[in-house]
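Below, each chain spelled out in residue letters.
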Amino acid sequence: MTFGRTIIALLLIVCPAPLLAAQIASDFETDADGWRHGNTTSDLTQQVEHVATRGYIQADNGWYGGGFLAPEKYLGDKAAFIGGELSFQLATEMTPSAGTLFPALTLVGMDGQSIFANWGPVPGPELTYFTVSLTADSFYKGSFEQRLSGVTEAEFASIMANLDKLPINADWDAGAIVRLDTVSMVSPSAVPEPASWAM
(Lines give C-alpha, C1' and ligand atoms only; values in the text may rest on other atoms or scores of the structure.)
Protein backbone atom coordinates (compact mmCIF):
# COMPACT_ATOMS: atom_id res chain seq x y z
CA MET A 1 0.00 0.00 0.00
CA THR A 2 1.23 3.45 -0.85
CA PHE A 3 0.31 4.91 2.55
CA GLY A 4 2.29 2.23 4.41
CA ARG A 5 5.35 2.68 2.23
CA THR A 6 5.22 6.46 2.85
CA ILE A 7 5.29 5.97 6.63
CA ILE A 8 8.24 3.58 6.39
CA ALA A 9 10.15 6.03 4.22
CA LEU A 10 9.53 8.85 6.71
CA LEU A 11 10.73 6.69 9.61
CA LEU A 12 13.93 5.91 7.76
CA ILE A 13 14.57 9.63 7.33
CA VAL A 14 13.72 10.67 10.91
CA CYS A 15 15.51 7.90 12.86
CA PRO A 16 19.14 8.96 13.48
CA ALA A 17 21.93 6.72 12.30
CA PRO A 18 24.16 5.36 15.07
CA LEU A 19 27.37 7.34 15.54
CA LEU A 20 30.64 5.58 16.32
CA ALA A 21 32.88 6.67 19.15
CA ALA A 22 36.05 8.50 18.07
CA GLN A 23 39.47 7.37 19.26
CA ILE A 24 43.01 8.76 19.32
CA ALA A 25 45.71 6.25 20.19
CA SER A 26 49.46 5.70 20.58
CA ASP A 27 50.80 2.15 20.86
CA PHE A 28 54.53 2.99 20.49
CA GLU A 29 55.18 -0.13 18.45
CA THR A 30 57.33 1.66 15.85
CA ASP A 31 58.26 5.05 17.35
CA ALA A 32 57.48 7.61 20.07
CA ASP A 33 54.51 8.96 18.03
CA GLY A 34 55.46 12.59 18.77
CA TRP A 35 55.40 12.27 22.58
CA ARG A 36 58.02 14.26 24.50
CA HIS A 37 58.99 14.78 28.14
CA GLY A 38 58.75 18.15 29.86
CA ASN A 39 57.22 20.39 32.47
CA THR A 40 53.66 21.70 32.42
CA THR A 41 54.74 25.21 33.44
CA SER A 42 57.35 25.85 30.75
CA ASP A 43 58.04 25.16 27.09
CA LEU A 44 61.21 23.20 27.82
CA THR A 45 60.96 19.63 26.54
CA GLN A 46 63.25 16.76 25.71
CA GLN A 47 62.98 13.61 23.67
CA VAL A 48 61.75 10.42 25.26
CA GLU A 49 63.50 7.12 24.73
CA HIS A 50 61.62 4.72 22.48
CA VAL A 51 62.30 1.15 23.57
CA ALA A 52 61.62 -0.63 20.28
CA THR A 53 62.14 -4.13 21.64
CA ARG A 54 59.36 -3.64 24.21
CA GLY A 55 57.10 -1.19 22.37
CA TYR A 56 56.94 1.59 24.97
CA ILE A 57 58.55 4.95 25.75
CA GLN A 58 60.43 5.99 28.87
CA ALA A 59 61.99 9.04 30.50
CA ASP A 60 63.86 10.08 33.62
CA ASN A 61 61.71 12.43 35.69
CA GLY A 62 64.13 15.32 35.38
CA TRP A 63 61.57 18.02 36.27
CA TYR A 64 59.34 18.54 39.27
CA GLY A 65 55.85 17.88 38.00
CA GLY A 66 57.31 16.62 34.74
CA GLY A 67 55.32 14.42 32.43
CA PHE A 68 54.96 12.72 29.08
CA LEU A 69 53.61 15.49 26.82
CA ALA A 70 51.01 14.40 24.29
CA PRO A 71 51.51 15.27 20.60
CA GLU A 72 49.32 17.59 18.54
CA LYS A 73 46.66 15.01 17.70
CA TYR A 74 45.54 14.98 21.36
CA LEU A 75 45.37 18.79 21.60
CA GLY A 76 43.16 21.64 20.36
CA ASP A 77 39.38 21.29 20.33
CA LYS A 78 38.58 17.99 22.03
CA ALA A 79 35.09 18.91 23.25
CA ALA A 80 33.75 15.82 21.46
CA PHE A 81 35.64 13.67 23.98
CA ILE A 82 33.88 15.10 27.05
CA GLY A 83 32.24 12.16 28.82
CA GLY A 84 34.75 9.73 27.31
CA GLU A 85 37.97 8.57 28.89
CA LEU A 86 41.74 8.61 28.58
CA SER A 87 43.57 5.40 29.40
CA PHE A 88 47.25 4.46 29.45
CA GLN A 89 49.76 2.04 30.94
CA LEU A 90 52.33 3.44 33.35
CA ALA A 91 55.23 2.03 35.37
CA THR A 92 58.10 3.42 37.45
CA GLU A 93 61.27 1.55 38.34
CA MET A 94 61.06 2.80 41.92
CA THR A 95 57.76 2.26 43.74
CA PRO A 96 56.56 5.65 45.07
CA SER A 97 56.81 6.22 48.80
CA ALA A 98 53.87 5.21 50.95
CA GLY A 99 51.27 7.95 51.05
CA THR A 100 52.30 9.45 47.70
CA LEU A 101 49.34 11.32 46.22
CA PHE A 102 49.91 12.80 42.78
CA PRO A 103 47.62 13.29 39.80
CA ALA A 104 48.26 10.83 36.97
CA LEU A 105 47.04 13.33 34.37
CA THR A 106 46.93 17.11 33.91
CA LEU A 107 44.94 19.10 31.35
CA VAL A 108 46.17 22.58 30.43
CA GLY A 109 44.02 25.07 28.51
CA MET A 110 45.20 27.69 26.05
CA ASP A 111 44.91 30.33 28.79
CA GLY A 112 47.34 28.41 31.00
CA GLN A 113 44.64 27.12 33.37
CA SER A 114 45.60 23.67 34.66
CA ILE A 115 43.31 21.06 36.13
CA PHE A 116 44.53 17.83 37.72
CA ALA A 117 43.07 14.33 37.77
CA ASN A 118 41.84 13.24 41.18
CA TRP A 119 44.47 11.38 43.19
CA GLY A 120 44.27 7.62 42.91
CA PRO A 121 46.48 4.57 42.55
CA VAL A 122 50.20 5.04 41.90
CA PRO A 123 52.26 3.04 39.39
CA GLY A 124 54.60 0.24 40.35
CA PRO A 125 57.46 -1.52 38.56
CA GLU A 126 55.14 -3.31 36.10
CA LEU A 127 53.06 -1.54 33.46
CA THR A 128 49.58 -0.99 34.89
CA TYR A 129 46.47 0.44 33.25
CA PHE A 130 45.16 3.81 34.41
CA THR A 131 41.82 5.19 33.22
CA VAL A 132 40.67 8.78 33.77
CA SER A 133 37.08 9.76 32.95
CA LEU A 134 36.96 12.96 30.91
CA THR A 135 34.37 14.61 33.13
CA ALA A 136 34.54 17.65 35.40
CA ASP A 137 34.14 15.61 38.59
CA SER A 138 37.29 13.62 37.77
CA PHE A 139 39.50 16.73 38.12
CA TYR A 140 40.38 19.41 40.65
CA LYS A 141 41.88 22.91 40.65
CA GLY A 142 44.99 23.67 42.67
CA SER A 143 48.47 22.33 42.15
CA PHE A 144 50.36 19.11 41.65
CA GLU A 145 50.31 18.46 45.40
CA GLN A 146 47.37 20.51 46.65
CA ARG A 147 43.65 20.27 45.94
CA LEU A 148 41.91 23.65 46.30
CA SER A 149 38.50 23.17 44.69
CA GLY A 150 36.53 21.14 42.21
CA VAL A 151 36.10 21.91 38.51
CA THR A 152 32.79 23.17 37.13
CA GLU A 153 31.24 21.76 33.97
CA ALA A 154 31.80 25.11 32.24
CA GLU A 155 35.48 25.24 33.24
CA PHE A 156 36.03 21.68 32.06
CA ALA A 157 34.28 22.31 28.75
CA SER A 158 36.38 25.43 28.15
CA ILE A 159 39.66 23.57 28.70
CA MET A 160 38.62 20.56 26.61
CA ALA A 161 37.70 22.88 23.74
CA ASN A 162 41.15 24.51 23.89
CA LEU A 163 43.68 21.92 25.07
CA ASP A 164 47.22 23.28 24.98
CA LYS A 165 49.03 20.52 26.90
CA LEU A 166 48.15 17.02 28.06
CA PRO A 167 50.90 15.65 30.33
CA ILE A 168 50.77 12.16 31.82
CA ASN A 169 52.66 12.29 35.11
CA ALA A 170 56.26 11.06 35.03
CA ASP A 171 57.28 12.51 38.43
CA TRP A 172 56.56 9.76 40.99
CA ASP A 173 59.93 9.46 42.75
CA ALA A 174 63.21 11.32 42.42
CA GLY A 175 65.44 9.99 39.68
CA ALA A 176 63.17 7.10 38.71
CA ILE A 177 62.77 6.06 35.08
CA VAL A 178 59.09 6.03 34.15
CA ARG A 179 57.59 4.02 31.28
CA LEU A 180 54.45 4.79 29.25
CA ASP A 181 52.53 2.52 26.88
CA THR A 182 49.16 2.08 25.12
CA VAL A 183 47.59 5.55 25.34
CA SER A 184 44.00 5.91 24.15
CA MET A 185 41.56 8.85 24.22
CA VAL A 186 38.01 7.73 23.44
CA SER A 187 34.85 9.79 23.04
CA PRO A 188 31.58 8.63 24.62
CA SER A 189 29.39 6.39 22.50
CA ALA A 190 26.92 8.45 20.48
CA VAL A 191 24.48 5.58 19.85
CA PRO A 192 21.11 6.63 21.33
CA GLU A 193 19.23 4.25 23.59
CA PRO A 194 16.13 2.74 21.92
CA ALA A 195 13.86 4.45 24.49
CA SER A 196 15.13 7.84 23.35
CA TRP A 197 13.62 7.25 19.90
CA ALA A 198 10.05 7.17 21.27
CA MET A 199 8.00 10.25 20.48
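None of these values were measured; they are calculated from a predicted model.

**Some remarks on unusual backbone geometry**
The phi angle at F28 is positive, at roughly 60°, despite the residue not being glycine. Residue placement: F28 occurs in the loop between β1 (23-26) and β2 (36-39). F28 gets classed as buried once you look at its relative accessible area, which sits at 1%. Its identity is not glycine, yet D33 carries a phi of approximately 55°, on the positive side. Turning to its location among the elements, D33 is positioned in the loop between β1 and β2.

**Re the sheet that holds strand β12 (residues 147-150)**
If you walk across this open sheet you meet the five strands as β12-β11-β9-β8-β13, and the pairing is antiparallel. Of all strands in the sheet, those bounded by a partner on one side alone are β12 and β13 (163-165). Pairwise comparison of adjacent strand axes, ignoring direction, gives a mean angle of 45° for this sheet. When strand β9 (residues 114-117) meets strand β11 (residues 139-142), the two strands line up antiparallel, connected through two bridges. The partner of A117 across the bridge, within β11, is F139. Each of β8 (106-109), β9, β11, β12 and β13 is contacted by helix α2 (residues 153-160), which is oriented at about 75° to β8, the strand it contacts most.

About the criteria used
- Residues numbered from 1 in each chain as written.
- Predicted model: local features only at pLDDT ≥ 70, side-chain atom pairs only at ≥ 80, totals over all residues.
- Heavy atoms only, no water.
- Helix = DSSP H or I, 4+ residues; strand = E, 2+ residues; numbered from the N terminus.
- Buried < 20%, exposed > 50% of the residue type's maximum accessible area, 1.4 Å probe, protein only.
- Pairing = 2+ DSSP bridges.
- Axes fitted to C-alpha atoms, helices over the stretch in contact; angles between N-to-C directions.
- Contact = heavy atoms within 4.5 Å.

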